[in-house]
Amino acid sequence: MSHSSQDEGMGMQKEKSDMGETDPIIERELTLRSGLATAGSAMAYFVTVGFLNAYGVFQQYYTSLYLSDLSNFQISWIGAFGTFCVFFFAPAAGILADKVGPQIPIAAGSVLLVVAVFMVSLCREYYQFFLAQALLLGIGCSLIAIPASGVVPQYFKRNRALVSGISVGGSSLGGIIWPIAFNEMLHHDDLGFPWSMRIAGFVMIPLCAFCVLTVRPPAPKEKAHASSAEAGQAGVALDADAMAPPNKDLSALTKAPFILLCAGLIPLFYVATYAVSIGFSTNLAFYLVSIVNGASLFGRILPGIVADRFGRFNMLAISMFAASIVAFCWTAATSVAGLVVWTLAFGFTSGALLSLQLACSTTLAGSSSMATVIGTVMGATSIATLVSTPIAGELIKHGYIAPSMFCGAMLMVGGCLITLSRLAQDRSWTARI
């Protein structure tokens, strides 16, 4: 009789969980400390990846002024190598964060970032821009963004994809604000390029300080609550991080599926140049960079809500296929309205790629190694990040249809490989993976 009552009680508890009643342990996920850590992580992405997302503005500015004697292919190496450095140094940044905590590498990265921005204001030659804006700034961004990425998932288990989208959404917000700010400053007669960069550097100082102060891992008591939450959810495959077998194969995450993710960055660098090439004003071209990043903000958050409910790998694959279809339609946009609609569509569909990449990788990691796993996954994309944008710059010589096909094809192949990665974990098409 007692066994029957116990089974009935367990069944009622499961039924309540399925109906959506809140688990008190899950309620404790959102605390002042976890909220500040999420805000600090979003700010870290704002000053790092958000700033890099604005390179489309610099690409056009350098092409028309400082580096007008160089080709798009040559100038694109500055942005490509900067992004490459973020990914290439990600494993080291992740390991360092797991060893000594996130605040030390974030503080070191903040110093490098601010110094790099001030040095860019003094640059005039190609090699100077390369050393400051590509190498130094890229390393600083990696030391800030990667440790911050490993902290937030330690607080959140059930809504990890959503919160990852919110934190990574800082990059989208930066991609909106930085291009608009530089557009206004660069066209101000009393400022110009040098003081525009210096103002950006001064703005970054308090923002980086906020990151250092707020991005902290959970206290031991909070970690204990998180462990009990994971133990209590041992029957739920979606959030059973701690129950994952120690020999789980991570090769699908650290190799081909995620190497191809960076192909989606190509239109972010060239959408402004494309607008000018078909006769639109440079003012509209500047704002297109902000539009695509604004759309990606919603693309990072809304798919995260769906992913936590129906599976993170499932949503990542769907997002890549959707972004691929939109990328193939790039050159079909020939009017102002068409180009704005396309920019919104691509920003939204591609916005989920980075946030869901983080959510998928941390699902398979323990809380003590999340930064290392994130760094390893991002490090696997570094080579493709380095070569994809310059390849597109070379393809542009033959018209924009070539980079459109290149981007769409890479995303399509990446979506297929991620689908295989998901099926390797569970062959059932209805499983929430």
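Residues numbered from 1 in each chain as written. Predicted model: local features only at pLDDT ≥ 70, side-chain atom pairs only at ≥ 80, totals over all residues. Heavy atoms only, no water.

**Focus: the overall build of the protein chain**
Then comes step 1: Looking only at helices and strands, one finds 21 helices and 0 strands in the protein chain.
Then comes step 2: Intrachain contacts of the protein chain at a sequence separation of at least 6 include 85% that bridge at least 24 residues.
Then comes step 3: When the accessible surface of the protein chain is split by element, carbon and sulfur atoms take 68% of a total near 17700 Å². (Helix = DSSP H or I, 4+ residues; strand = E, 2+ residues; numbered from the N terminus. Contact = heavy atoms within 4.5 Å. Areas by Shrake-Rupley, 256 points an atom, 1.4 Å probe, with all protein chains shown as cover.)

**Describing the nonpolar core**
Then comes step 1: Phe51, Tyr62, Leu113, Phe182, Phe193 and Met378 are the most contacted members of the largest nonpolar core, which has 66 residues in total.
Then comes step 2: Of the residues forming this core, the biggest block, 13 residues, is contributed by helix 9 (residues 126-155).
Then comes step 3: With residues up to four places along the chain from it excluded, the contact list for Tyr62 reads Tyr55, Leu67, Ser68, Ile75, Ile78, Val120, Phe129, Gln133 and Phe193.
Then comes step 4: Counting residues in hydrophobic clusters, the runner-up holds 31 residues, among them Phe280, Met315, Met320 and Ala359. (Core = buried A, V, L, I, M, F, W, Y, C linked by side-chain atoms within 4.5 Å. Buried < 20%, exposed > 50% of the residue type's maximum accessible area, 1.4 Å probe, protein only.)

**A few points about the packing of aromatic side chains**
Then comes step 1: A complete count under the given rule lists 25 aromatic pairs for this structure.
Then comes step 2: Look at Phe46 and Trp178: their rings are 5.5 Å apart centre to centre, the planes differ by 35°, and that puts the pair in the tilted class. Here Phe46, found in helix 3 (residues 32-47), pairs with Trp178, found in helix 10 (residues 160-186); they are 132 residues apart in sequence, far enough to count as distant. Each of the two residues, Phe46 as well as Trp178, counts as buried.
Then comes step 3: Three or more aromatic residues joined by ring pairs make a cluster, and in this case those are Phe46, Phe51, Tyr55, Phe58, Tyr61, Tyr62, Tyr66, Phe129, Trp178, Phe182 and Phe193. (Phe/Tyr/Trp six-rings, centres within 6.5 Å; stacked < 30°, edge-to-face > 60°.)

**Overview of the state of the cysteines**
Then comes step 1: Counted by the stated rule, this structure contains 0 disulfides.
Then comes step 2: Unpaired in this structure, Cys141 has its nearest cysteine sulfur neighbour in Cys208, at a distance of 8.8 Å.
Then comes step 3: Accessibility expressed as a relative area gives 0% for Cys141, which makes it buried. (Disulfide = S-S within 2.5 Å.)

**Quick word on helix 10**
Then comes step 1: For helix 10, with 27 residues, the first-to-last C-alpha span of 39 Å sits near the 39 Å given by 1.5 Å per residue.
Then comes step 2: When the local axis directions of helix 10 are compared, the greatest deviation, roughly 30°, occurs at Val168.
Then comes step 3: Among the 27 residues of helix 10, 19 are classified as buried, and the element is accordingly described as predominantly covered. (Expected span 1.5 Å × (residues − 1). Bend = angle between axes of the 7 residues up to and from the residue.)

**Remarks on the packing of helix 7 (residues 90-100) against helix 19 (residues 370-379)**
Then comes step 1: Running from amino to carboxyl end, helix 7 crosses helix 19 at an angle of 180°, the nearest separation of the two axes being 7 Å. In terms of their interaxial angle, helix 7 and helix 19 are classed as roughly antiparallel. Contacts between helix 7 and helix 19 involve Ala90, Pro91, Gly94, Ile95, Ala97 and Asp98 on the former and, on the latter, Met370, Ala371, Thr372, Gly375, Thr376, Met378 and Gly379.
Then comes step 2: Among the residues forming the contact of helix 7 with helix 19, the class breakdown is 7 nonpolar, 5 polar and 1 charged. (Axes fitted to C-alpha atoms, helices over the stretch in contact; angles between N-to-C directions. Parallel < 35°, antiparallel > 145°, perpendicular 65-115°, else oblique. Nonpolar A, V, L, I, M, F, W, Y, C, P; charged D, E, K, R; others polar.)

**Description of the environment of Tyr155**
Then comes step 1: Along the chain, the position of Tyr155 falls in helix 9.
Then comes step 2: On the basis of relative accessibility, which here comes to 5%, the residue Tyr155 falls in the buried class.
Then comes step 3: As for Tyr155 and Pro217, which are separated by 62 residues in sequence, their C-alpha atoms are 8.0 Å apart.
Then comes step 4: For Tyr155, the side chain forms a polar contact with the main-chain oxygen of Arg216, separated by 2.6 Å. (Polar contact = N/O pair within 3.5 Å; in protein donor to acceptor, adjacent residues only side chain to side chain.)

**Observations regarding the confidence of the model for the protein chain**
Then comes step 1: Mean pLDDT over the protein chain works out to 79, with 79% of the residues at or above the 70 mark.
Then comes step 2: When the criterion is pLDDT under 50, residues 1-26 qualifies, and its contacts beyond four places in sequence or with other chains add up to 9 contacts.
Then comes step 3: Across residues 229-269, where pLDDT falls below 50, the model places 86 contacts with residues more than four positions away in sequence or in other chains. (pLDDT = per-residue confidence, 0-100.)

**With respect to a nonpolar patch on the surface**
Then comes step 1: A surface patch of nonpolar side chains, amounting to about 560 Å² of accessible area, comprises Phe298, Leu302, Ile305, Val306, Phe310 and Phe348.
Then comes step 2: Sort the elements by how many residues they give to the nonpolar patch and helix 16 (residues 282-310) lands first, with 5 residues.
Then comes step 3: Relative to the assigned elements, Phe348 resides in helix 18 (residues 336-363).
Then comes step 4: Relative accessible area serves as the criterion here: at 35%, Phe348 is assigned to the partly exposed category. (Patch = residues over 30% accessible without salt bridge, like charges linked within 9 Å, V, L, I, M, F, W, Y side chains within 5 Å. Salt bridge = Lys/Arg side-chain N within 4 Å of Asp/Glu carboxyl O.)

**Some thoughts on the environment of Phe87**
Then comes step 1: Within the secondary structure, Phe87 is located in helix 6 (residues 72-88).
Then comes step 2: Separated by 292 residues in the primary sequence, Phe87 and Gly379 place their C-alpha atoms 4.8 Å from one another.
Then comes step 3: Setting aside anything within four residues of it in sequence, one finds Phe87 in contact with Met378, Gly379, Thr381, Ser382 and Thr385.

**A look at the packing of helix 6 against helix 9**
How two helices sit against one another is set out by the angle between their axes and by the gap between those axes.
Then comes step 1: One can describe the packing of helix 6 onto helix 9 by two numbers: an axis separation of 7 Å at closest approach and a directional angle of 20°. Relative to helix 9, helix 6 is oriented roughly parallel. Judged by the twist between their axes, the crossing of helix 6 over helix 9 is right-handed. Each of Gln74, Ile75, Trp77, Ile78, Phe81, Gly82, Cys85 and Val86 in helix 6 lies in contact with helix 9, whose residues at this interface are Tyr126, Phe129, Phe130, Gln133, Ala134, Leu135, Gly138, Ile139, Cys141 and Ser142. (Left-handed = near helix turned anticlockwise from the far one by under 90°.)

**Concerning the pattern of salt bridges**
Then comes step 1: Using the criterion set out here, one finds 1 salt bridge in the structure.
Then comes step 2: Across the pair Asp308 and Arg312 runs a salt bridge, and its minimum N-O distance is 3.1 Å. For the pair formed by Asp308 and Arg312, the shared burial category is buried.

**Overview of the environment of Gln59**
Then comes step 1: Looking at where Gln59 falls in the secondary structure, it is placed in helix 5 (residues 55-64).
Then comes step 2: It is 8.8 Å that separates the C-alpha atoms of Gln59 and Ile78, two residues lying 19 residues apart in sequence.

**Looking at the side chain of Arg312**
Then comes step 1: For Arg312, the location among the structural elements is in helix 17 (residues 312-328).
Then comes step 2: Only 3.2 Å separates the side chain of Arg312 from the backbone oxygen of Lys157, close enough to count as a polar contact.
Then comes step 3: Of note is the side chain of Arg312, whose polar atom sits 3.1 Å from the side chain of Asp308.

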